[in-house]
Amino acid sequence: MFRKDSRIAIIGAGITGLTLAYELCRRGLKVELFEAGSVVGGELAVVKVGGEPLERYYHHLFRGDNEIIGLLKELGMSSKLEWGKPSMGFFSDGILYPFSNPVDLVRFGAISISERLRMGLATKRLQRISDYREFEDVKAAEYLPGLVGNEAFEIVWKPLLRAKFGDHWRDISMAWFWGRVHVRFKSRDRLGFREKLAYIRGSFRQITLALEQYVRERGVLVHLSSQVERISVEQNHIKGIRVRGQDLKFDTVIGTVGLPILRGLLGSHTISQDYGAIAYRGALVLLMSLRESVSPYYWTNVGDVDLPFAGLIDHSGFIDASRYGGRHPMYVSNYLDPSHRYFDMTSDELLDEYEPHIKNVFPKFDRSLIEEIWVSADKVAQPVIKAGYQRRIPPYRSTLKGLFVCNTSQIYPEDRGTNYNVRIARECVQEILNS
Ligand SMILES: Cc1cc2nc3c(=O)[nH]c(=O)nc-3n(C[C@H](O)[C@H](O)[C@H](O)COP(=O)(O)OP(=O)(O)OC[C@H]3O[C@@H](n4cnc5c(N)ncnc54)[C@H](O)[C@@H]3O)c2cc1C
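Residues numbered from 1 in each chain as written. Predicted model: local features only at pLDDT ≥ 70, side-chain atom pairs only at ≥ 80, totals over all residues.

**Student:** How should helix α6 (residues 150–165) be read in this particular structure?
**Tutor:** What sets the pattern is the α-helix's 3.6 residues per turn: residues three or four places apart point alike. Spanning 16 residues, α6 covers only 20 Å between terminal C-alpha atoms, well under the ideal 22 Å at 1.5 Å per step. At W157, α6 shows its strongest bend, of approximately 40 degrees, with the proline P159 following within four residues. Residues of α6 that are buried: A152, F153, I155, V156, W157, K158, P159, L161, A163, K164 and F165. Buried residues belonging to α6 abut β7 (88–92), α4 (113–128), α5 (140–148), β15 (280–290), β16 (299–302) and β18 (328–336). After α6 finishes, the residue G166 shows a positive phi value of roughly 55 degrees. (Helix = DSSP H or I, 4+ residues; strand = E, 2+ residues; numbered from the N terminus. Expected span 1.5 Å × (residues − 1). Bend = angle between axes of the 7 residues up to and from the residue. Buried ≥ 20, exposed ≤ 12 C-beta atoms within 10 Å, placed from the backbone. Contact = placed C-beta atoms within 7 Å.)

**Student:** What should I look at first to understand the site of the ligand in this one?
**Tutor:** Taken together, the neighbourhood of the ligand is formed by 36 residues, with G12, G14, G42, G417 and T418 sitting nearest. Taken together, the residues of the shell around the ligand sort by class into 15 nonpolar, 17 polar and 4 charged. Mapped onto the domain boundaries, the shell around the ligand takes at least three residues apiece from domain 1 (7–59 + 203–277 + 393–434) and domain 3 (280–383). (Near = placed C-beta within 6 Å. Nonpolar A, V, L, I, M, F, W, Y, C, P; charged D, E, K, R; others polar. Domains from an automatic or database assignment.)

**Student:** Before we go on, may I ask you to explain the domain arrangement of the protein chain in this structure?
**Tutor:** How large an interface is tends to be reported as the accessible area lost when its parts come together. Domains assigned within the protein chain are domain 1 (7–59 + 203–277 + 393–434), domain 2 (101–186) and domain 3 (280–383). Taking only C-alpha atoms into account, the centre of domain 1 sits 29 Å from that of domain 3. Facing 16 residues of domain 1, the contacting portion of domain 3 comprises 21 residues. Listed by contribution, the elements that provide at least two residues to the side of domain 1 that touches domain 3 are β3 (46–49), β4 (52–55) and α9 (259–266). Considering only residue class, the side of domain 1 that touches domain 3 consists of 7 nonpolar, 5 polar and 4 charged.

**Student:** Honestly, the sheet that holds strand β6 (residues 81–84) in this entry has me stumped. Any pointers?
**Tutor:** The strands making up a sheet are joined through hydrogen bonds of the backbone, oriented either antiparallel or parallel. Pairing within the open sheet is antiparallel, and its 3 strands lie in the order β5-β9-β6. Of all strands in the sheet, those with a lone pairing partner are β5 (61–62) and β6, marking the two edges. Here 4 bridges tie β6 to strand β9 (residues 197–200), and the two strands are oriented antiparallel to one another. Paired with G84 across the strands is L197, a residue of β9. (Pairing = 2+ DSSP bridges.)

**Student:** Where do I start with α4 in this structure?
**Tutor:** Between the first and last C-alpha of α4 there are 23 Å, a value that for 16 residues agrees with the 22 Å anticipated at 1.5 Å per step. Of all the residues in α4, the buried ones are E115, R116 and M119. Angularly, the buried residues of α4 cover 105 degrees about the axis, an arc narrow enough to put them on a single face. Those residues of α4 that are exposed and aimed more than 90 degrees away from the buried face are I113, S114, L121, R125 and R128. Packing partners of the buried residues in α4 comprise α3 (102–107), α5 and α6. (Arc of directions from axis to C-beta.)

**Student:** Mind showing me how you'd approach the nonpolar core here?
**Tutor:** In this structure, I10, A21 and C428 are the most contacted members of the largest nonpolar core, which totals 133 residues. Apart from residues lying up to four places away in sequence, I10 is in contact with G17, L20, A21, V31, L33, F34, I254 and T256. (Core = buried A, V, L, I, M, F, W, Y, C linked by C-beta atoms within 7 Å.)

**Student:** Explanation requested: the packing of helix α1 (residues 15–26) against helix α11 (residues 418–434) in the structure shown.
**Tutor:** Two numbers describe how α1 lies on α11: the axes approach to 9 Å, and their chain directions differ by 40 degrees. Looking at the two axes, α1 sits oblique to α11. For the pair α1 and α11, the sense of crossing is right-handed. Residues I15, T16, T19, L20, E23 and L24 of α1 form the contact with α11, whose participating residues are T418, N421, V422, I424, A425, R426, C428 and V429. Of the residues that constitute the contact of α1 with α11, the class distribution is 8 nonpolar, 4 polar and 2 charged. (Axes fitted to C-alpha atoms, helices over the stretch in contact; angles between N-to-C directions. Parallel < 35°, antiparallel > 145°, perpendicular 65-115°, else oblique. Left-handed = near helix turned anticlockwise from the far one by under 90°.)

What follows is the structure, given as structure tokens:
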């Protein structure tokens with residue numbers, strides 16, 4: 001049985017690390033959190049737009065996100081959830097189409113009418129398949145053309161796979177695709193017409209702040225600006241961590257950081273040869289505070305592979321601009337190889353690259369509309385979920401005694417998201433208690 005007086009260190013105070021600390025301290029265990037940044041939250045970091053906090057990376061929740069919705073309830077924050085049915089668009093071959101509901105699909109002129117109907121029926125069929133396991137060793141790029149038709153695949157699904165996974169698009173697991181379709185369909189309203197999404201009033205940072213307060217009040221030490229430099233291992237046992245040149249003793253260490261970071265912390269000690277087989281895509285997001293809205297939609301997916309970004313998200317298409325003092329925050333979203341040259345660019349240089357293409361999608365866009373601009377990057381944001389991924393998922397309990405892994409690479413088959421970070425944190429705590 002796990003000893004109650006064990007000393008536990010958690011590396012990383014994003015939503016995963018904070019939920020782990022929350023679940024462990026509720027059970028009376030001694031926990032310390034180590035966070036490299038000066039505040040908690042990780043990818044849920046915010047800036048201020050018109051005095052209101054706003055995520056650096058766009059965020060919303062789906063209707064079936066029961067883990068995080070349950071956590072909000074436990075923290076007394078359910079009333080902060082704001083539900084809406086924001087609209088979606090799709091940009092293909094120079095034309096911006098509405099893409100929110102079945103009527104939009106029937107009118108979607110980028111593909112022939114027979115393929116539109118086939119695509120609609122095929123997604124319904126996929127929705128009815130309740131067990132993703134039959135897709136685990138199947139590649140989406142090989143399965144989808146037969147299901148939705150070649151034209152629909154080439155024009156809609158292939159560009160979306162490429163936007164998210166770049167050159168890996170051919171190998172992506174059909175189970176991941178199934179997960180994505182299921183989450184989105186479960187989020188539709190009763191008639192299956194419009195997707196219902198939620199935002200957290202005051203930003204997603206509210207949840208990380210509430211968790212931080214909760215754990216601090218129960219004795220958890222939260223060390224900010226405390227980058228862990230090494231995990232100390234002796235004869236296959238965890239001895240502790242090194243922080244700012246100091247060795248600190250812990251019996252149990254939980255790593256919530258991405259696998260490439262974790263590998264760096266372990267130096268010559270390996271937890272599994274297979275971890276290196278999981279590739280990551282970086283996220284690069286440009287956020288602009290605009291004087292007026294340029295987009296008719298909340299979310300616009302970009303289907304033209306020549307455009308240098310994956311999507312455009314007008315936050316004011318979901319949450320009214322009055323919340324942000326009349327500003328219209330717009331995100332330019334990109335998933336890239338971690339070595340991509342864009343990661344070395346300033347916001348102005350990035351905008352030089354993006355501007356003509358944003359104008360292409362939204363002709364009203366003009367640089368003079370920008371009041372403020374922020375660029376945010378995370379090179380280990382998105383694990384690449386290839387067919388057969390189920391065999392590569394790192395277990396919570398590693399092969400080194402006392403080391404647990406709890407990070408986004410264990411989210412499967414769903415697309416990574418805060419709901420599943422809460423789920424893996426809870427599962428990992430169970431694993432620790434049983435160890
Ligand atoms: C562009 C984008 C859009 C997204 N949209 C959504 C959405 O709409 N809905 C949704 O639910 N989810 C969304 N997500 C996913 C969600 O943000 C993540 O799944 C979640 O925030 C990950 O939390 P985490 O704690 O696992 O990791 P992180 O938030 O990355 O936290 C890890 C922490 O570890 C710290 N750290 C790193 N190295 C060290 C070290 N050596 N020592 C100490 N600390 C260290 C980092 O500073 C960081 O704070 C989005 C993510 C991105 C990038």
